[in-house]
Amino acid sequence: MIDGQGTFGELSAQAEETTSQTAGSSNCYPRGDIMGDTLTRDSFLRNLILKLAESLEDVVGPEDAEGYVSIVGAQIGEEINALYKYEKATERFDRQQVAEVLVDLKRRINGDFFIVNINEDEIVLGNRTCPFGASVEGKQSLCMMTSNVFGTIASEHLGYARVHLPETIASGCKECRVVVSLRKGEGPGREYYRVSDE
């Protein structure tokens, strides 16, 4: 059985194979069984986002596609940040708390992020599983979702953040590496600044 990370193309291929194997049999399982664990709301929405990203990259190019995804990522980052502030009943998190929030939010959407290092200058995170599944490979524009959500949350609490993703599953790496720099200066990545001074 294909799990929730599979694509509809994989589902279709398996369905055709199952149909050919059971043709003429009166004891075959209902065709609905192959759908149960694969065609879910989660898999549908994930596939929808992947196809939208793929279409954007084809039509406007990878760089402009990243821009569109960044807009959405910033908005989602603000909403998620508000939820965590409410849950923890505090307006400002320290570095450790920010790192824990970033790991926790990814865990809630089936990512497998973990803390590599935290110091005064940066927060470094790793990731073994992309929330978008294996089909994210080749769709680097979706990494801007991570960059903007992380950058929005970190900068709102710590004043400034520069997010760099030197390694991503989307680009073919085995794992992701996310570096959130907390001091202004020259370096790779996108910069984010605190919007609210409340």
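Residues numbered from 1 in each chain as written. Predicted model: local features only at pLDDT ≥ 70, side-chain atom pairs only at ≥ 80, totals over all residues. Heavy atoms only, no water.

## Considering the overall build of the chain
- Of regular secondary structure, the chain possesses six helices and five strands.
- In sequence order, the chain lays out its α and β elements as α-α-α-α-α-β-β-α-β-β-β.
- Counting over 198 residues, the chain shows a buried share of 38%.
- The long-range fraction of contacts in the chain, counting pairs at least 24 apart against all pairs at least 6 apart in sequence, stands at 65%.
- By element, 50% of the accessible surface of the chain is carried by carbon and sulfur atoms, the whole surface being about 11,400 Å². (Helix = DSSP H or I, 4+ residues; strand = E, 2+ residues; numbered from the N terminus. Buried < 20%, exposed > 50% of the residue type's maximum accessible area, 1.4 Å probe, protein only. Contact = heavy atoms within 4.5 Å. Areas by Shrake-Rupley, 256 points an atom, 1.4 Å probe, with all protein chains shown as cover.)

## Concerning the environment of Leu158
- Tracing the backbone through its elements, the reader meets Leu158 in helix H6 (residues 143-158).
- Look at Leu158 and you get partly exposed, because its relative accessible area is 26%.
- With residues up to four places along the chain from it excluded, the contact list for Leu158 reads Phe93, Asp94, Arg95, Val98, Ile123, Leu182 and Arg194.

## Concerning the sheet that holds strand S4 (residues 176-181)
- Read across the open sheet, the five strands follow the order S1-S2-S4-S3-S5; overall the sheet is antiparallel. Of all strands in the sheet, those with a lone pairing partner are strand S1 (113-118) and strand S5 (190-193), marking the two edges. Pairs of neighbouring strands in the sheet enclose a mean axial angle of 25°, with direction left out of account.
- Strands S1 and strand S2 (122-127) of the sheet are contacted by helix H5 (residues 95-108), whose axis makes an angle of about 160° with S1. (Pairing = 2+ DSSP bridges. Axes fitted to C-alpha atoms, helices over the stretch in contact; angles between N-to-C directions.)

## Topic: the side chain of Ser181
- As for its position among the elements, Ser181 is in strand S4.
- Take Ser181: its relative accessible area is 10%, and that puts it in the buried class.
- When sequence neighbours within four positions are dropped, the list of residues in contact with Ser181 reads Asp121, Glu122, Tyr160, Ala161 and Arg162.

## Quick word on the environment of Asn117
- Positionally, Asn117 belongs in strand S1.
- On the basis of relative accessibility, which here comes to 32%, the residue Asn117 falls in the partly exposed class.
- Residues Asn117 and Gln96 lie 21 residues apart in sequence; the distance between their C-alpha atoms is 10.0 Å.
- Sequence-distant contacts of Asn117, that is, excluding residues within four places in its chain, are made with Glu122, Ile123 and Val124.

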